[in-house]
Amino acid sequence: MSADASGPETGPELGSETGPQLGPETGPQLRRETGPQRETGPQLGPETGPQQGPGLGREPQPRTDPGQLCPKHKEPLSWFCLSERRPVCASCVEVGGRCHRHRIRPAEEHAELLRNKIVDQCEKMQLQSAGITKYVSEVLQGKNQKVVNTASATRELIIQRLSLVRSLCESEEQRLLEKVHGEEERAHQSILTQQAHWAEALKKLDTLRTSLVCMLTHLDNLQLIQKEQEIFERAEEAEGILDPQESDKLCFNKKCGWSPLLTQLWATSILGSLSGMEEVLINEKTVSPLLQLSEDRRTLTFSAKKSKACTDDPERFDYWPNALASTSFQAGLHAWIVNVQHSCAYKVGVASVQLPRKGSGSDCRLGHNAFSWVFSRYDQEFRFSHNGQHELLALLRCPTQLGVVLDLQVGELLFYEPASGTVLHIHRTCFPLPLFPVFAVADQVISIVH
């Protein structure tokens with residue numbers, strides 16, 4: 001752009017005569033331009049003042065109204081003083097003028113810099129709006145559907161379990177269903193609150209962007225310069241709108257469906273009537289040489305001497321006194337009871353088919369790897385162990401029988417004492433499949449009751 005460019009109509013190209021076209025689908029159609037190129041006049045940079053002399057050469061033609069003149073010299077405000085942050089005339093920057101030796105630049109050039117800043121800010125706000133729109137339309141809607149699905153699955157689980165003990169826990173059913181409904185409502189309300197918040201943020205961004213575009217398209221250089229502080233404040237206000245963040249408050253909390261009473265009654269009902277459950281027997285090919293298996297494949301007896309009768313089967317545990325059941329589980333509900341009253345050192349639980357069988361390392365030791373989940377007793381100490389993490393369990397007495405309930409529908413492994421109706425421990429996770437009942441004995445004998 002040359003120094004003799006005239007009038008506001010020849011300012012920087014902004015796409016159309018009515019200003020930049022900004023919409024929700026596309027970014028602003030704005031093209032940045034460099035500052036005006038003056039043919040003559042002082043060589044003024046950010047580090048130096050104007051050259052001394054009676055004149056400054058050919059002045060940049062300001063895009064101002066005739067009435068917008070320097071109040072002191074009655075000359076066009078064609079320069080901008082960076083030191084005083086105000087427009088000035090050529091006489092103000094000459095020798096003896098108020099802004100002599102100040103850092104100055106042509107007003108038109110400074111206006112172009114402001115226009116480019118507005119373009120950058122509008123583009124940034126457009127991207128921010130697009131991100132929020134996507135979050136509201138995709139993530140929040142997906143969260144809402146997931147809450148509905150999870151709530152529905154939790155309801156079905158509660159009703160299914162309560163159906164086994166309906167006569168004993170009708171009040172518990174009502175209480176839990178109300179909690180699920182309340183949690184679903186809370187999650188819905190959180191999502192609605194988020195939607196309202198981001199709708200307001202989008203509205204605010206749109207207002208700020210519209211005001212900046214209005215300034216960009218309707219103000220002349222001097223008016224734009226005079227609005228500089230307002231421009232910066234609106235840009236700062238837009239930057240204060242934070243991007244959406246993931247939150248657990250938008251998810252359904254399945255714990256609201258957990259109830260100690262329900263769990264205890266449900267486990268009692270399952271283990272009190274094991275009809276329909278698969279018979280659990282031990283796979284003789286997996287039995288450690290330190291164990292003896294009974295003919296009915298239900299009883300394991302520990303022996304300090306390794307049995308020479310055991311063949312070197314690839315499925316056999318060759319060091320630790322372990323054994324796997326012959327039946328594996330892929331889905332559904334399963335339960336079995338183990339008589340442990342004669343042993344002071346045992347482990348009972350489940351293991352993945354990936355559990356290694358050979359060697360003395362922890363990868364074959366039950367509870368010390370990622371492939372096994374076991375309840376264990378050593379003398380008077382009881383633990384739940386998985387992947388090397390051991391949780392001490394404070395039991396009032398040593399159980400004579402140990403019930404195991406595996407619900408693969410919801411990912412629950414429960415250990416239960418049938419004699420007292422006590423839930424000893426619950427572990428919830430997403431188990432790798434298939435799973436096998438697993439046993440270990442290092443003292444005397446344990447037996448599968450069913």
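All values reported here derive from a predicted model rather than from experimental measurement.

Draft legend 1. Main features of the overall build of the protein chain. What the protein chain contains, in helices and strands, is six helices and 16 strands. Looking at the protein chain as a whole, 45% of its 450 residues qualify as buried. The long-range fraction of contacts in the protein chain, counting pairs at least 24 apart against all pairs at least 6 apart in sequence, stands at 66%. When the accessible area of the protein chain is evaluated, it comes to approximately 23000 Å², of which 50% is carbon and sulfur surface.

Draft legend 2. Quick peek at the pattern of salt bridges. Enumeration over the complete set of coordinates arrives at 17 salt bridges. A salt bridge links Lys227 to Glu230; its shortest N-O distance comes to 3.4 Å. Since its relative accessible area comes to 33%, Lys227 is described here as partly exposed. The partly exposed category is assigned to Glu230, whose relative accessible area is 22%. For the salt bridge of Arg234 with Glu230, the shortest nitrogen-to-oxygen distance reads 2.3 Å. Here Glu230 and Arg234 lie together in helix H5 (residues 228-239), a separation of four residues that amounts to about one turn. By relative accessible area, Arg234 is classed as partly exposed at 23%.

Draft legend 3. Examining the side chain of Asp407 more closely. Residue placement: Asp407 occurs in strand S12 (residues 401-407). Among the polar contacts listed, one links the side chain of Asp407 to the backbone nitrogen of Gln409, at a separation of 3.1 Å. Ignoring anything within four residues of it in the chain, the contact list for Asp407 reads Leu157, Arg161, Trp266, Gly332, Leu333 and Glu412.

Draft legend 4. Fine view of the sheet that holds S12. Taken in spatial order, the seven strands line up as S4-S5-S16-S7-S12-S13-S14 in an open sheet, and their pairing is antiparallel. Because the sheet does not close on itself, it has two edges, and the strands there are strand S4 (291-293) and strand S14 (422-428). Across the sheet, the axes of successive neighbouring strands diverge by a mean angle of 20°, strand direction being ignored. Pairing between strand S7 (residues 333-339) and strand S16 (residues 445-448): two bridges, direction antiparallel. From the neighbouring strand, Asn339 faces S16, where its bridge partner is Ser447. Strands in contact with helix H6 (residues 260-272) are S7, S12, strand S13 (412-417) and S14; relative to S13, the strand with the most contacts, it is inclined by about 75°.

Draft legend 5. The layout of surface pockets, seen in detail. In this model, the second largest pocket occupies a volume close to 330 Å³. Every residue lining the second largest pocket is counted, 15 residues in all, and those nearest its centre are Thr154, Leu157, Lys254, Trp258 and Val410. Here the element with the most residues in the lining of the second largest pocket is helix H2 (residues 107-162); it accounts for four residues. Taken together, the residues that form the lining of the second largest pocket break down as four nonpolar, seven polar and four charged.

Draft legend 6. Broad picture of the nonpolar core. Counting residues in hydrophobic clusters, the biggest one holds 36 residues, and the most contacted among them are Ile118, Ile132, Trp198, Leu212 and Leu224. For this core, the secondary structure elements donating two or more residues are H2, helix H3 (170-218), helix H4 (221-226) and H5. Judged by nonpolar contacts, the second largest core, of 32 residues, contains Ile282, Leu413, Leu424 and Leu435.

Draft legend 7. View of the packing of H3 against H5. In the contact formed by H3 and H5, the axes pass within 10 Å of each other and the chain directions differ by 155°. Between H3 and H5, the angle falls in the class roughly antiparallel. In terms of crossing hand, the pair formed by H3 and H5 is left-handed. On H5, the residues that touch Lys204, Leu205, Leu208, Ser211, Leu212 and Met215 of H3 are Glu230, Ile231, Arg234, Glu237 and Ala238.

Cut-off values and rules
- Residues numbered from 1 in each chain as written.
- Predicted model: local features only at pLDDT ≥ 70, side-chain atom pairs only at ≥ 80, totals over all residues.
- Heavy atoms only, no water.
- Helix = DSSP H or I, 4+ residues; strand = E, 2+ residues; numbered from the N terminus.
- Buried < 20%, exposed > 50% of the residue type's maximum accessible area, 1.4 Å probe, protein only.
- Contact = heavy atoms within 4.5 Å.
- Areas by Shrake-Rupley, 256 points an atom, 1.4 Å probe, with all protein chains shown as cover.
- Salt bridge = Lys/Arg side-chain N within 4 Å of Asp/Glu carboxyl O.
- Polar contact = N/O pair within 3.5 Å; in protein donor to acceptor, adjacent residues only side chain to side chain.
- Pairing = 2+ DSSP bridges.
- Axes fitted to C-alpha atoms, helices over the stretch in contact; angles between N-to-C directions.
- 1 Å grid on protein atoms, 1.4 Å probe; cavity = no way out; pocket = protein on both sides within 12 Å on 5 of 7 lines; lining within 4 Å.
- Points joined across faces, edges and corners; volume = space filled by probe spheres on them.
- Nonpolar A, V, L, I, M, F, W, Y, C, P; charged D, E, K, R; others polar.
- Core = buried A, V, L, I, M, F, W, Y, C linked by side-chain atoms within 4.5 Å.
- Parallel < 35°, antiparallel > 145°, perpendicular 65-115°, else oblique.
- Left-handed = near helix turned anticlockwise from the far one by under 90°.

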